[in-house]
Amino acid sequence: PVELQIRHVSKTYANGVQALKDVSLTIPAGMYGLLGANGAGKSTLMRILATLQDPDAGSIMLGDIDVVAQKDKTRRTLGYLPQEFGVYPKASAEDLLEHFALLKGVASRTERRALVEVLLRQVNLWDVRKQRLGGYSGGMRQRFGVAVALLGNPKLMIVDEPTAGLDPAERVRFLNLLSELGENSVVLLSTHIVEDVSELCTRMAIIDRGEILLEAEPLRAVSEL
Ligand code: ADP
Ligand code: ADP
């Protein structure tokens, strides 16, 4: 299984805010939680891992891929689920996912349709595949985002504050879905909700004002706080 190695990563924004200060983490395959308050630096780290932003210093390796230097290669093996998954409200889940599959290079229509069916069943949206996405609830949109992220069979899945705005039933459904994702890939879950981490993750880190405070198994971490 793949491992994500973050070494001495720092990031200061143009306004002088030091969002990440010498962050180092080794993240094994499985569910890993990054817990921190608003403004702690979670999204900055997620965007850097997703190749949407460059660090000022440090290195990041996903297996043998250099995430900072090899952006195209990283993107081909990455699933990124941002805080708010923006969708085209008039499209149906089925049509949009098929379109994304085409963009990913699945040229055969038959293959695309088969793939779309597998993914929509996996995220439990098959029955509502023909509805307009604009009518989906927040939880349904998030699950659609997971299906899109899974299209590329990612080795690294980045999930940024996924349960914000979900009602309790949707939240449980969404977290269960995440926990079913492959054991061979790294699933990195950023959140400010302790329960998201304690219920699901095998390891976690706490980030505060750009610094890693502690890295541990969730139960130990909570007792150390
Ligand atoms: P979190 O996701 O944990 O809430 P962020 O990474 O969004 O944390 O933010 C970390 C710090 O960096 C905060 O102080 C935030 O205001 C600041 N910040 C985030 N993005 C930018 C930006 N594009 N420009 C300037 N400052 C930013
Ligand atoms: P988060 O929920 O991750 O803390 P915010 O809602 O604070 O993010 O910020 C939303 C967007 O605004 C992000 O793209 C972030 O990079 C940007 N941003 C956050 N803080 C600042 C800042 N102080 N200056 C400029 N942009 C910022």
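Residues numbered from 1 in each chain as written. Chains lettered and ligands numbered in written order. Predicted model: local features only at pLDDT ≥ 70, side-chain atom pairs only at ≥ 80, totals over all residues. Heavy atoms only, no water.

Under an unreviewed UniProt entry, the name given to the protein chain is Putative ABC transporter ATP-binding protein, and the source organism is Gemmatimonas aurantiaca. Taken directly from UniProt, the Sequence similarities (unreviewed entry) text for the protein chain runs: "Belongs to the ABC transporter superfamily." (UniProt positions renumbered as here; feature names shortened; annotations may be inferred.)

Moving on to the sheet that holds strand β8 (residues 186-191). Reading across from one edge, β6-β7-β8-β3-β9-β10 is the order of the 6 strands in this open sheet, with mixed pairing throughout. Lying at the two open borders of the sheet, with one neighbouring strand each, are β6 (78-81) and β10 (211-216). Going across the sheet, the axis of each strand differs from the next one's by a mean of 15°, ignoring polarity. Note: strand β3 (residues 30-35) against β8, 6 bridges, orientation parallel. Looking at β8, one finds that L34 is bridged to S190. Relative to β6, helix α5 (residues 138-150) is tilted by about 165°, and along the sheet it contacts β6 and β7 (156-160). (Pairing = 2+ DSSP bridges. Helix = DSSP H or I, 4+ residues; strand = E, 2+ residues; numbered from the N terminus. Axes fitted to C-alpha atoms, helices over the stretch in contact; angles between N-to-C directions. Contact = heavy atoms within 4.5 Å.)

Around ligand 2, a shell composed of N15, S43, R47 and Q83 is seen. Between ligand 2 and the protein, one listed contact pairs an oxygen atom with a side-chain N or O atom of S43 at 2.6 Å. One nitrogen or oxygen atom from the side chain of R47 is found 3.0 Å from an oxygen atom belonging to ligand 2. In the complex, the protein chains occlude 30% of the 550 Å² of accessible area that ligand 2 would expose alone. Partitioned by chemical class, the residues of the shell around ligand 2 number no nonpolar, 3 polar and 1 charged. (Near = heavy atom within 4 Å. Polar contact = N/O pair within 3.5 Å; in protein donor to acceptor, adjacent residues only side chain to side chain. Areas by Shrake-Rupley, 256 points an atom, 1.4 Å probe, with all protein chains shown as cover. Nonpolar A, V, L, I, M, F, W, Y, C, P; charged D, E, K, R; others polar.)

On to the nonpolar core, then. Note on soluble globular proteins: their nonpolar side chains tend to be buried together. Counting 45 residues, the largest nonpolar core has L97, L120, F144, V146 and L178 as the members making the most contacts within it. Here this core takes 7 residues from α5, the largest share from any one element. Setting aside anything within four residues of it in sequence, one finds L178 in contact with M31, V146, V159 and L189. With 26 residues, the next largest nonpolar core counts L25, I48, A50 and V186 among its residues. (Core = buried A, V, L, I, M, F, W, Y, C linked by side-chain atoms within 4.5 Å. Buried < 20%, exposed > 50% of the residue type's maximum accessible area, 1.4 Å probe, protein only.)

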